[in-house]
Amino acid sequence: MQKINPCLWFDHQAEDAAKFYTSLFENSKVGRVARYGKAGAQASGQKEGSVMTVEFELHGQHFLGLNGGPVFKFTPGVSLFVSCKTEAEMDNLWGKLTKGGSTIWELKKYPWSEKYGWCEDKYGLSWQLILADHKQKIAPAFLFMDKLFGKGEEAINFYMSQFKNSNIESIHRDPKTNSVMHAMFSLDGQEFVLMEGESKQKQEITPAISFVINCKNQEEVDQYWTKLSQGGETSQCGWLTDKYGVSWQITPTILTEMMNDRDAAKTERVMSAMLKMTKLDIEKLKEAYK
């Protein structure tokens with residue numbers, strides 16, 4: 001199982017977005033769809049029976065789409081960084097992503113790349129396309145600006161200290177400010193990108209893109225919860241925001257199994273129990289399930 005799954009927050013478009021995104025990449029598919037029960041609908045303001053979450057894969061990587069209402073919006077603070085092997089692939093992908101969306105950086109040659117572009121799609125999600133051949137097709141990318149400027153390398157080291165099998169694959173610093181112009185690093189074998197910009201323009205990192213950490217037991221839940229919440233804020237249902245503003249969902253894998261049970265009464269009890277929690281308690285979730 002992929003250790004860290006990006007979770008994309010939508011108002012009500014998660015299923016449509018998953019179908020659209022999986023149409024863009026090879027080795028992609030829509031997976032399980034979960035619907036709101038009574039407790040979840042009341043807590044979120046969504047309609048009972050409507051789509052709650054959609055699991056999907058893009059080029060073999062796991063993602064989750066969540067319909068949580070009009071609470072959070074995508075920003076360039078977190079984008080998806082896509083490596084394209086050919087210009088033809090890049091042009092095709094750019095055309096589809098920008099249809100109904102907008103351009104942030106024009107698709108063309110830049111000093112750092114033979115071809116690069118940054119855009120927002122019709123759902124507001126930001127994508128960066130670059131002509132390159134990386135082993136991981138799509139990597140979540142953080143943009144540190146304003147109050148976060150100058151904390152990029154510190155953040156990379158902090159995140160690497162939380163996960164096994166982590167390392168910096170490449171890092172390019174600004175010779176004047178020593179800030180991170182571009183870095184690629186891996187957490188538990190999964191690639192991430194981080195960049196810093198001096199502009200005071202606010203490109204806040206919001207919970208519209210969060211990261212689900214799949215934990216095998218309570219010990220892992222406790223460990224990630226304790227370390228990632230230091231200097232940040234905790235919320236209900238296993239959500240927290242770390243000291244850099246990045247949102248995480250600390251989730252035991254058994255929760256997914258319980259919530260995918262065909263017995264609606266069991267899943268409703270588990271949801272009701274989870275809504276009362278901040279850090280998730282596996283034993284209490286099991287008791288509710290039984």
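Residues numbered from 1 in each chain as written. Predicted model: local features only at pLDDT ≥ 70, side-chain atom pairs only at ≥ 80, totals over all residues. Heavy atoms only, no water.

K.L.:
If you had to explain the overall build of the chain to someone new, which residues and values would you point to?
P.N.:
Scanning the chain for helices and strands turns up 8 helices and 16 strands. At 19 Å, the chain has a C-alpha radius of gyration in line with the 19 Å of a compact globule built from 290 residues. The dimensions of the chain, computed from C-alpha atoms along their principal axes, are 60 × 40 × 30 Å. Counting every position in the chain, which comprises 290 residues, the buried fraction comes to 53%. The contacts of the chain with a sequence gap of at least 6 include a subset with a gap of at least 24, amounting to 63%. When the accessible surface of the chain is summed, it comes to about 14000 Å², and 48% of that surface belongs to carbon and sulfur atoms. (Helix = DSSP H or I, 4+ residues; strand = E, 2+ residues; numbered from the N terminus. Rg over C-alpha atoms; globule rule 2.2 N^0.38 Å. Buried < 20%, exposed > 50% of the residue type's maximum accessible area, 1.4 Å probe, protein only. Contact = heavy atoms within 4.5 Å. Areas by Shrake-Rupley, 256 points an atom, 1.4 Å probe, with all protein chains shown as cover.)

K.L.:
Give me the lowdown on the side chain of Gln128, citing residues and values where you can.
P.N.:
Structurally, the position occupied by Gln128 is in strand β8 (residues 126–131). Among the polar contacts made by the side chain of Gln128, one reaches the side chain of Ser79 at a distance of 3.0 Å. Not counting the four nearest positions on each side in its chain, Gln128 is found in contact with Ser79, Leu80, Phe81, Val82, Tyr116, Gly117, Trp118, Ala141 and Met195. (Polar contact = N/O pair within 3.5 Å; in protein donor to acceptor, adjacent residues only side chain to side chain.)

K.L.:
Provide a residue-level description of the pattern of salt bridges, including the pertinent values.
P.N.:
If you walk through the whole model with that rule in mind, you get 9 salt bridges. A salt bridge links Asp91 to Lys115, with the nearest nitrogen and oxygen atoms 2.7 Å apart. Taken together, the residues span a long stretch of sequence, with Asp91 in helix α3 (residues 87–98) and Lys115 in strand β7 (residues 113–120) at a distance of 24 residues. Judged by relative accessible area, which is 37%, Asp91 ranks as partly exposed. When salt bridges that share partners are traced, they join Glu87, Asp91 and Lys115 into one network. (Salt bridge = Lys/Arg side-chain N within 4 Å of Asp/Glu carboxyl O.)

K.L.:
Pulling in residues and values, what's your account of helix α7 (residues 264–274)?
P.N.:
Those residues of α7 that fall on the buried side of the exposure criterion are Thr267, Val270, Met271, Ala273 and Met274. The buried residues of α7 occupy an angular sector of 165° when the element is viewed end-on, so they sit on one face. As for α7, its buried residues are in contact with α2 (38–44), β3 (51–58), α6 (253–259) and α8 (282–289). Capping the start of α7, Asp263 holds a side-chain oxygen 3.0 Å from the backbone nitrogen of Ala265, two or three residues further along. (Arc of directions from axis to C-beta.)

K.L.:
Give me the lowdown on the state of the cysteines, citing residues and values where you can.
P.N.:
Under the counting rule described, the total for this entry stands at 0 disulfides. Between Cys119, a free cysteine, and Cys84, which holds the nearest cysteine sulfur, the sulfur-to-sulfur gap is 10 Å. On the accessibility criterion, Cys119 (0% relative accessible area) is buried. Take Cys215: it sits in no disulfide, and the sulfur closest to it among the cysteines is that of Cys7, at 15 Å. Relative accessible area serves as the criterion here: at 0%, Cys215 is assigned to the buried category. (Disulfide = S-S within 2.5 Å.)

K.L.:
Give me the lowdown on the packing of helix α4 (residues 152–162) against helix α5 (residues 218–228), citing residues and values where you can.
P.N.:
For any two helices packed against each other, one specifies the inter-axial angle together with the distance between the axes. Relative to each other, α4 and α5 sit at 165°, their axes nearing to 11 Å. When the axis of α4 is compared with that of α5, the two are roughly antiparallel. Crossing handedness for the pair α4 and α5: right-handed. Taking contact as the criterion, the partners of Phe158, Tyr159 and Gln162 in α4 are, on α5, Gln223, Tyr224, Lys227 and Leu228. Class assignment for the residues of the contact of α4 with α5 results in 4 nonpolar, 2 polar and 1 charged. (Axes fitted to C-alpha atoms, helices over the stretch in contact; angles between N-to-C directions. Parallel < 35°, antiparallel > 145°, perpendicular 65-115°, else oblique. Left-handed = near helix turned anticlockwise from the far one by under 90°. Nonpolar A, V, L, I, M, F, W, Y, C, P; charged D, E, K, R; others polar.)

K.L.:
Break down the environment of Leu24 for me, citing the residues and quoting the values.
P.N.:
The residue Leu24 is located in the loop between α1 (14–22) and β2 (29–35) in this model. Expressed as a C-alpha distance, the spacing of Leu24 and Gly65, which sit 41 residues apart in the sequence, is 16 Å. The residues contacting Leu24, other than those within four sequence positions of it, are Leu93, Lys96 and Leu97.

K.L.:
Got a sec to walk through the nonpolar core? Specific residues and values, please.
P.N.:
Counting residues in each nonpolar core, the largest one holds 84 residues, and the members touching the most others are Tyr21, Trp127, Trp248 and Ile250. For Ile250, the contacting residues outside a window of four places in its chain are Ile213, Cys215, Val221, Tyr224, Trp225, Leu228, Gly238, Leu240 and Leu280. Residues Tyr110, Trp118, Ala139 and Val193 belong to the second largest nonpolar core, which totals 12 residues. (Core = buried A, V, L, I, M, F, W, Y, C linked by side-chain atoms within 4.5 Å.)

K.L.:
How would you explain the sheet that holds strand β12 (residues 190–196) if you had to name every residue and give the values?
P.N.:
The 8 strands are arranged β6-β7-β8-β5-β9-β12-β11-β10 in an open sheet whose pairing can be described as mixed. Two strands close off the open sheet at either side, each with one partner strand: β6 (102–110) and β10 (167–173). For this sheet, the mean inter-axis angle between neighbouring strands, taken without regard to orientation, is 20°. As paired elements, β6 and β7 share 5 bridges and run antiparallel to each other. Counted as the bridge partner of Trp105 is Trp118 from β7. On the sheet, α3 packs against β5 (78–84), β6, β7 and β8 and is oriented at approximately 15° with respect to β7. (Pairing = 2+ DSSP bridges.)

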